[in-house]
Amino acid sequence: MTKILVTGVNGQFGGYFSDKAIENGSTVFGLIRRSSVDTLYRIKHLVDNNRFTLVEGDITDSYNVSKVVEENQFDFIVNGAAQSHVMSSFDSPLFTTQVNYLGVINILEAVRQHSKHTKVVQCSTSEMFGSNINKDGFQNESTPFSPNSSYGCSKLASHHLLRIYRDAFGIKACGAIMFNYESPKRGLHFITRKITNFIGRIVASDFQLKEKLQLGNLESKRDWSHCKDSVNAVWLLLHSDKVKDYVIGSGITHSIIELLETAFGYIKLDYKDWIEINPSFIRPLEVEELRADSSLIRQELGWCPTISFEDLIREMVDYDIKLALKALD
Ligand code: G4F
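Predicted, not measured: the structure shown is a model, and the values here were computed from it.

Reading guide: rules and limits
Every residue gets a number counted from 1 within its own chain, in the order that chain's sequence is written. At least 70 in pLDDT is required for a residue's local features to be given in this predicted model, at least 80 for side-chain atom pairs to be given and counted, and no such filter applies to totals for whole chains, interfaces and linings, which use all residues. The basis for the side-chain values is all heavy atoms of the structure; hydrogens and waters are excluded. Secondary structure is summarised from DSSP: a helix means a run of H or I of at least four residues, a strand means a run of E of at least two, and numbering begins at the N terminus for each. Throughout, a residue-residue contact means that at least one pair of heavy atoms, one from each residue, lies within 4.5 Å. Here the term buried applies to any residue with accessible area under 20% of the maximum for its type, exposed to any over 50%, and partly exposed to those in between, with areas from a 1.4 Å probe on protein chains only. A pair of strands is treated as paired once DSSP finds two or more bridges between them. Under this scheme, a helix contributes an axis fitted over its contacting stretch, all axes are lines through C-alpha atoms, and angles between N-to-C directions fall in the 0 to 180 degree range. We call a residue near a given molecule or strand whenever any one of its heavy atoms falls within 4 Å of it. Here a polar contact is taken to be a pair of N or O atoms separated by no more than 3.5 Å, where protein atoms must pair a possible hydrogen donor with a possible acceptor and residues adjacent in sequence count only if both atoms sit in side chains. Residue-level accessible areas treat just the shown protein chains as cover; the underlying method is Shrake-Rupley with a 1.4 Å probe. Note on residue categories: nonpolar means Ala, Val, Leu, Ile, Met, Phe, Trp, Tyr, Cys or Pro, charged means Asp, Glu, Lys or Arg, and polar means any other residue, Gly included. By convention in this document, the label disulfide applies to cysteine sulfur atom pairs within 2.5 Å. Oblique is the label for every angle not falling under 35 degrees (roughly parallel), over 145 degrees (roughly antiparallel), or within 65 to 115 degrees (roughly perpendicular). Working rule for handedness: look at the near helix, and if it is turned counterclockwise from the far one by less than a right angle, call the crossing left-handed; if clockwise, right-handed. How far a helix is expected to stretch is found by multiplying one less than its residue total by 1.5 Å.

A. Main features of the environment of Asn180. You can see Asn180 is positioned in the loop between strand E6 (172-178) and strand E7 (181-182). Sequence spacing of Asn180 and Ala81 is 99 residues, and the spatial spacing of their C-alpha atoms is 16 Å. Sequence-distant contacts of Asn180, defined by excluding residues within four places in its chain, comprise Ser126, Arg222, Asp223, Trp224, Ser225 and Leu290.

Laid out in structure tokens, this is it:
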């Protein structure tokens with residue numbers, strides 16, 4: 001039975017990944033920071049599972065990480081812990097760097113010193129590309145990195161570190177360069193969930209909601225996948241003999257306007273009646289367009305996304321309508 005440490009276990013990715021690992025017979029250790037508020041709502045169903053153990057700790061604490069890694073001798077570590085909100089990173093560059101870069105140093109050092117057999121997959125990101133895009137309109141493993149935010153910088157530093165630990169110390173460290181992944185478990189301050197959650201509130205108000213959704217830049221384009229598809233890709237990478245980085249994304253890009261049309265259109269509303277632009281949500285610097293060329297992971301590991309953008313958004317809208325109606329009970 002394989003033993004997997006999942007950091008960021010209570011996040012969107014960590015929750016779905018843990019489900020997948022347990023379904024496939026693994027034992028999951030979820031690293032979790034001490035908190036006085038409930039941060040386990042995404043993984044409540046796992047807490048009593050005998051293949052799931054919560055381990056109190058924080059990736060920014062090197063002693064803590066080192067001890068957990070040495071004691072448990074994991075087969076795999078999946079690092080999903082991050083300060084993952086791009087806009088926040090403009091205001092909190094130091095905190096973002098501490099979690100997203102120093103945290104990765106701690107994991108890689110712990111593995112190097114105490115558990116060299118452990119394979120590490122780092123959740124890297126398409127934000128590392130910034131505005132760079134290949135002539136064919138896609139980003140792949142060869143596209144030069146040029147991040148446009150502290151978030152992207154911190155993730156890029158960690159991404160480079162994976163290669164350094166691979167080449168210098170023979171650590172099995174891989175980067176999953178994931179494009180945007182979404183689901184009903186997405187945080188409320190990311191654009192997809194912000195929109196679907198607002199739609200839920202419109203429906204629950206019987207279309208009488210007296211407020212408009214405040215949004216920033218509507219021009220950017222993103223390659224949105226279902227989180228479950230991204231989890232499947234990481235699962236394949238973890239269990240492959242290959243120790244390398246892969247781009248993971250659907251290859252289909254949509255503008256924010258198309259996202260709004262899809263989400264509001266699903267309940268037959270015109271998004272233009274329900275939104276307004278609020279400059280405070282416009283970023284100092286933007287990543288304009290992301291579109292994954294994931295042919296490498298498709299060819300080498302047989303990965304293929306299974307859930308369309310439209311089905312993803314419909315699932316999120318349905319979920320948020322139910323949630324908003326339940327809140328009225
Ligand atoms: O949903 P977002 O905040 O996601 P973003 O910035 O693309 O980052 C996400 O995907 C990355 C992978 O590419 C991850 F690494 C990262 O951790 C995160 O998961 O914003 C999407 C787009 C941006 O262009 C943003 O400017 O939506 C635009 N946007 C417009 N109005 C807004 C808003 N984004 C947010 N969050 N809130 C708005 O009101």
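B. Structural detail: the pairing of strand E4 (residues 76-79). The side-chain alternation of E4 yields two buried faces, one formed by Phe76 and Val78 and the other by Ile77 and Asn79. Pairing between strand E1 (residues 3-7) and E4: 4 bridges, direction parallel. Bridging from a neighbouring strand, Val6 pairs with Val78 of E4. Relative to strand E5 (residues 119-125), E4 runs parallel, the two sharing 4 bridges. The residue of E5 that forms the bridge with Ile77 is Val120.

C. View of the sheet that holds E4. Pairing in this open sheet of 7 strands is parallel, and the strands run E3-E2-E1-E4-E5-E6-E11 from one edge to the other. Edge strands, defined here as strands with exactly one partner in the open sheet, are strand E3 (52-56) and strand E11 (246-248). On average, each strand axis in the sheet is inclined to that of its neighbour by 25 degrees, with strand direction left out of account. Those strands touched by helix H7 (residues 227-238) are E1, E4, E5, E6 and E11, and its axis lies near 160 degrees from that of E6.

D. Local environment of the site of the ligand. Not every one of the 25 residues close to the ligand is listed here, only the nearest: Thr125, Ser126, Ser220, Arg283 and Glu286. Between the ligand and Tyr151, the relevant distance is 2.8 Å, taken from an oxygen atom to a side-chain nitrogen or oxygen of the residue. Separating an oxygen atom of the ligand from a side-chain N or O atom of Arg222 is a distance of 2.7 Å. When the free accessible area of the ligand is taken as 710 Å², the share hidden by the protein chains comes to 96%. Listing elements by their share of the shell around the ligand, those giving two or more residues are helix H6 (191-204) and strand E8 (213-215). Split into classes, the residues belonging to the shell around the ligand amount to 9 nonpolar, 10 polar and 6 charged.

E. Spatial organisation of the state of the cysteines. The tally for this structure, following the rule as stated, stands at 0 disulfides. Cysteine Cys123 shares no disulfide, and the gap to the nearest cysteine sulfur, in Cys227, comes to 8.9 Å. Assessed through its relative accessible area of 5%, Cys123 is described here as buried. You can see Cys174 has no disulfide; the closest cysteine sulfur is in Cys123, sitting 12 Å from it.

F. Focus on the packing of H6 against helix H8 (residues 256-266). Between H6 and H8, the least distance of the axes is 10 Å, while the angle of their chain directions is 30 degrees. As far as their axial angle goes, H8 and H6 are roughly parallel. Taken as a pair, H6 and H8 cross one another with a handedness that is right-handed. Facing Ile191, Thr192, Ile195, Phe198, Ile199 and Ile202 of H6, the residues of H8 in contact are Ile256, Leu259, Leu260, Ala263 and Phe264.

G. Region of interest: H6. Taking 1.5 Å as the rise per residue, H6 with 14 residues should run 20 Å; its terminal C-alpha atoms sit 20 Å apart, in good agreement. Listed as buried for H6 are Thr192, Arg193, Lys194, Ile195, Thr196, Asn197, Phe198, Ile199, Gly200, Ile202, Val203 and Ala204. The elements touched by buried residues of H6 are E7, E8, H8 and helix H10 (309-328). Positive backbone phi, approximately 60 degrees, marks Asp206, located one or two places after H6.

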